[in-house]
Amino acid sequence: MSQPRVAVLVFPGTNSEEETVDACRDAGMDARPILWSEPPADLRSYQAYVIPGGFAYEDRVRAGAIAAKSKSVDVVREEAARGKFVLGLCNGAQVVAEVGLLGDIAIARNLPSGHFQCRIVDIQLSSPPKCCVFTAAMAPGTVLKMAMAHGEGRFTGTPALFDRLEREGRIAFRFKDRAPNGAMHDAAGITNDRGNVLALMPHPERVAWNFNLTFARPPSRREDPRSPSHSHEIFRSMAASLA
Amino acid sequence: MIAGGMDLVAHAAAPLPLEGSDDDLKRLATSEALALTPSELRAIVQRLGRNPTRAEAHAFAIQWSEHCSYKSSRALLSALPTTSDDVLVGVGEDAGILRAGIIDGVEYGIVVAHESHNHPSQVVPFEGAATGVGGILRDVLCMGAKVVASADPLRFGPPVTGSHAAYVAAGSVDGIAAYGNAVGVPNLAGDVYFHPSFRDNCLVNVVALGIVQRDRIIHSRVPPGGEGYDLVLVGKATDASGFGGAAFASLALDAAQAQANKSAVQVPDPFLKNVIMRASYAVFDLIAQRRLEVGFKDLGAGGIMGSSSEISSAGGFGAVIDVDAVPVAVEGLSPFVISMAETQERMLWAVPPSFTPDLLAIYNERFTLPEVSSRASAAVIGKVTRDARYVVRAGGRAVIDLPIDVLTKPVRATWQLAPSPKPPRPIGAVELNDPKQMLLRVLSHPDVCSRRPLIEHYDTVVRGATAIPSGYADAGVFVVKRGATLAVAISVDGNPRYGAVSAKLAAAHAVVEAARNVAAVGAMPIGLTDCLNYGNPEDPVAYRELADGVEGLAEAARALTIISASGLPFVTGNVSLYNHSATGSAIAPSAIVGCIGRIDDVGRVVTMQLLEQDNILYVLGARRPELGGSVLADVLQLTAAGPLPPIDYAETNATIKLIIEEIRAGRVTAAHDISDGGLLACVAEMCLGGEGKGRIGATLQSPKVWAPDLAPSAALFGEAGGFVVAVSQPSAPDFERSAAQFGAHALRLGTAGSASLQVEGLFEAGLDECARAWMQPLQELFA
């Protein structure tokens, strides 16, 4: 059986495409980086899209704003409406929010720090796994180490909206301790109502192998440092849902 | 005023009569903004046999600046060891390369570059520090490498709230973060010290590392057979920014000048750099595919002139540059400004003309440089020539036309050497009235407390190759390639409190500590880099400090015979002089050293954090009575300053070999180097861990047991080098046997466990109190 084809979108300013492609490949997906200068229409032949981290278009205006107006993201939005999978990681999550794939949810500057924060955080699966294609193969309540590395990662919206997100199980991931970026409901990852789009602020792909985590998670020491880590589960779920 | 294009050309091409008395020449130098002395001006005429054109005079001013020529330090630097079996490319190119190892039959090298951006960072901290990062990344990139890590040694004035020093510190860190984070290069090591001598002259050093396949290394020179090669300028459109930057870096700062000098600071553009890096990686692939011989060089000091003359002359060629072909950001720039401005984010390729169309297409079309930044592009600006002349043409005529060697041949400056300084007054016996209170004061000292508030600004995990980010261990670690276990460790060191006591011993300590730091994660030290930050070499005392510093580096590097009998090689380095304030006080002598280590199995690395209850703690390396340069002496504000702890190289080598072997064997579960704050601060940090959340304490035996001849002050807070390691109970006999075999000084210190840090017979401190003292001090500064 052929592997699912995944496009990893690269904009000027993207900086995480390599590890994102590798994380997808290690989960059995045929992932490729697609540059902004390539014809947007070519994207339609892919089954899923990952928008990786970085500072697309220098985060001009605000994070994700310019990339969200690009022709390639137009294609991604249309394909998402047809049910294809879209995973936005960090800057990619900002693009996903900016383009309206999550509804009226915004991602704003971290509070109270007001600046870029890089730390290893515990992220918990906080809605039923089946609510989202990127969590479908996980055990309920799974806690994963991820790397938070952003200055604008605070999910925000009206209280009523967040209450609805809670009811609908759309807050897929939550910071296990209080959100260091001040996100409402400690949200770290939010999915759309169909569960085929996930905007995730912390990076699973930067700690996707055991060697990335030996310093933070002593049990990883007993495992092959080259093998995918528990944080890689998101990509395995994605691959399973695509199969 | 000059108006009109032709007038600019005529102005640049006009001969400058370098005649008359010293005073005449000084006046001329001032009015023409040439950073050259009267004797240097006369030397130009002597070398050329004629008066130079105005553009030529500026070219000499840049090439003969301290920054480019190393004229004050070159002779001294020859004392440093620079070769070993692990050196693939040594000193002399944009960056050095060390052997990493072989993965799946392919040999990889670790590219190392080290720079300073001290003066610009003092004037405009954010831009100055950011450009420092940008410049060093290009040095690594130009070797054909993927840029994979950076490290930032920083030195600031005391961080008093609201002070200029605090502004410089916060701005520099923001600048480093803004640049490094955007390009996606993780910051994996660094240190920061606060010392009054840096109040008017901060130090912002940057180390960058790259990974390159050995058979794909690109050199900073036109290759053999390169006659007729195209010279292709890549990057940002040239503007007037940074004109005279190299000369600026070689001047002392005074407050009035600082404002005027702002125009000599370049403007960073990490966004464009990000794209240039990725485009260059695509070019590297194509070059390897087609097996082309090319040259690639960063544009730094002296801009197009500096880079094009050096890349050509290093290959034994000449060059002709056409200024009118250079993409410019604004019209009306003088040809000599275009050829010598230090606009950031530019690099120069020397490629066969048959490859030029593909090269231009990658940058301009596939990676759309002109859309990414206004007027950015790749453009052919000149040719490599067989005759060894360096020619810059503008408006149809030559504004520079010189034998290339005259321009690139090194010059030398000789300065007076003051006699060796008298040793400082020795510190007498120090009583510890309240050892617990002293521990808390030491932990909250700005040079000891947690760096997390600063590190948090840096992306330490981008690329997904990080094994140990900054702040968790004595060195940062990353894998050479995902899917393989081969890894690299990096640490930087250099203690200014030591420098203030002894320039020579401080430099030696910097080497030894950097090596210990990479060993503390389990890595074998394989190479060094240095940045020599000193005062004005024309001052005999400052020149003596520089000379002593180099001697200290050389002595220590040769003595560290851990991997090779010839010691550890320096593969790259940088010299930054004229670091002093307008009032003339030089900075504390600061030899800042980086050490690169190699680890075969990344799965074995350890951090400083205690992980297992009941582990046995050992101290490696004898404790000593000297308290000179210690944090304790600073906390107590002792007026006597000396002496520093001496270095026992045999002991250092033995303990480093032991710790590497024991980490590899899995017997050591945590390790930490003893440095600022001494043994007690070291153990406290092992309890707290990188995030200050550690919950495993330690109980140490009375110092009478493990340092019977010493006063408790020296035993607990003395900074003689060494390690504290944690060993699991069942492994203890093997560990002790191994220590005896290596001839390493290893004594049982106590055990891990309990929820506090205690020293039997002296005190007990809660981990919460320790964490508060250690975590908070820098939070406000870097908020």
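Colleague: An account of the overall build of chain A is requested, with residue identities and associated values reported.
Modeller: Within chain A, the regular secondary structure consists of six helices and eleven strands. In terms of C-alpha radius of gyration, chain A reaches 16 Å, essentially the compact-globule figure of 18 Å for 243 residues. Seen through its C-alpha atoms, chain A measures out along the principal axes to roughly 45 × 45 × 30 Å. For chain A, buried positions account for 61% of its 243 residues.

Colleague: I'd love a proper account of the pairing of strand S9 (residues 318-322) of chain B, names of residues and values included.
Modeller: All names here are of chain B. The buried count for S9 comes to four of five residues, which makes it a mostly enclosed element. Pairing analysis gives four bridges linking S9 to strand S11 (residues 377-385), with the strands arranged antiparallel. Among the inter-strand pairings, Ile321 is bridged to a residue of S11, identified as Gly382. Relative to strand S12 (residues 389-394), S9 runs parallel, the two sharing four bridges. Across the sheet, Ile321 pairs through a bridge with Val392, a residue of S12.

Colleague: Any chance you could break down the domain arrangement of chain B for me, citing the residues and the numbers?
Modeller: Residue and element names in this part refer to chain B. With domains assigned, chain B is organised as domain 1 (5-68), domain 2 (81-408) and domain 3 (606-783). Between the C-alpha centres of domain 1 and domain 2 there is a distance of 26 Å. The partner domain 2 presents 24 residues to the 24 residues of domain 1 that form the contact. If you list the elements that add at least two residues to the side of domain 1 that touches domain 2, you get helix H1 (5-13), helix H3 (38-48), helix H4 (54-63) and helix H5 (66-69). In terms of residue count, the dominant contributor to the side of domain 1 that touches domain 2 is H4 (eight residues). Along the lines of polarity and charge, the residues of the side of domain 1 that touches domain 2 split into 13 nonpolar, seven polar and four charged.

Colleague: For the sheet that holds strand S14 (residues 466-468) of chain B, give the residues involved together with the corresponding values.
Modeller: Residue and element names in this part refer to chain B. In space, the six strands of this open sheet follow the order S14-S15-S16-S19-S17-S18, with mixed pairing throughout. Here the strands that pair on one side only, and so sit at the sheet edges, are S14 and strand S18 (570-576). Geometrically, the sheet is characterised by an average inter-axis angle of 20° between neighbouring strands, direction not taken into account. Here strand S16 (residues 487-493) runs beside strand S19 (residues 590-599); their pairing, made up of seven bridges, is antiparallel. The partner of Val492 across the bridge, within S19, is Gly594.

Colleague: Help me get a handle on the interface of chain B and chain A, residues and values and all.
Modeller: Facing the 35 residues of chain B at the interface are 32 residues of chain A. Where the side of chain B that touches chain A is concerned, the elements lending two or more residues are helix H9 (164-183), helix H12 (270-290), helix H15 (356-366) and S14 of chain B. Per element, the largest residue contribution to the side of chain B that touches chain A is four residues, and it comes from H9(B). For the side of chain B that touches chain A, the class distribution of residues is 17 nonpolar, twelve polar and six charged.

Colleague: Kindly report on H9(B), identifying the contributing residues and their values.
Modeller: Residues and elements named next belong to chain B. Its 20 residues give H9 an end-to-end C-alpha distance of 29 Å, which sits within 8% of 28 Å, the value for a rise of 1.5 Å per residue. Here H9 lies mainly inside the structure; 15 of its 20 residues are buried. Trailing H9 by a residue or two, Gly184 shows a phi angle of about 80°, which is positive.

Colleague: So, the packing of helix H18 (residues 435-443) of chain B against helix H25 (residues 678-688) of chain B: which residues are in play, and what are the values?
Modeller: Residues and elements named next belong to chain B. At a minimum axis distance of 10 Å, the contact between H18 and H25 shows a crossing angle of 70°. In terms of orientation, H18 and H25 fall into the roughly perpendicular class. Contacts from Leu439, Val442 and Leu443 in H18 reach Leu680, Ala681 and Ala684 in H25. Residue classes in the contact of H18 with H25 are distributed as six nonpolar, no polar and no charged.

Colleague: An account of the nonpolar core is needed here, citing residue identities and associated values.
Modeller: Residues and elements named next belong to chain B. Counting 370 residues, the largest nonpolar core has Val140, Val477, Val511 and Ile659 as its most contacted members. In terms of residues, this core owes the most to one element, helix H21 (residues 503-519), which gives twelve residues. The residues touching Ile659, leaving out its near neighbours within four places in the chain, are Ala519, Ala520, Leu620, Val668, Ala671, Phe723 and Val725.

Colleague: Which residues make up the sheet that holds strand S2 (residues 30-35) of chain A, and what values go with them?
Modeller: Residue and element names in this part refer to chain A. Spatial ordering of the open sheet is given by S2-S1-S3-S4-S11-S10-S9-S6-S7, a layout of nine strands whose pairing is mixed. Of all the strands in the sheet, the pair left with one neighbour each is S2 and strand S7 (143-150). For this sheet, the mean angle separating the axes of adjacent strands, direction not counted, is 20°. Relative to S7, strand S6 (residues 117-125) runs antiparallel, the two sharing eight bridges. What sits directly across from Ile120, in S7, is Ala147. Across the sheet, helix H3 (residues 91-98) is in contact with strand S3 (48-51), strand S4 (85-89) and strand S11 (197-200); its angle to S4 comes to roughly 125°. Taken strand by strand, helix H6 (residues 233-242) contacts S3, S4 and S7, and its axis lies near 170° from that of S4.

Reading the values: the criteria
- Residues numbered from 1 in each chain as written.
- Chains lettered and ligands numbered in written order.
- Predicted model: local features only at pLDDT ≥ 70, side-chain atom pairs only at ≥ 80, totals over all residues.
- Helix = DSSP H or I, 4+ residues; strand = E, 2+ residues; numbered from the N terminus.
- Rg over C-alpha atoms; globule rule 2.2 N^0.38 Å.
- Buried ≥ 20, exposed ≤ 12 C-beta atoms within 10 Å, placed from the backbone.
- Pairing = 2+ DSSP bridges.
- Domains from an automatic or database assignment.
- Contact = placed C-beta atoms within 7 Å.
- Nonpolar A, V, L, I, M, F, W, Y, C, P; charged D, E, K, R; others polar.
- Axes fitted to C-alpha atoms, helices over the stretch in contact; angles between N-to-C directions.
- Expected span 1.5 Å × (residues − 1).
- Parallel < 35°, antiparallel > 145°, perpendicular 65-115°, else oblique.
- Core = buried A, V, L, I, M, F, W, Y, C linked by C-beta atoms within 7 Å.

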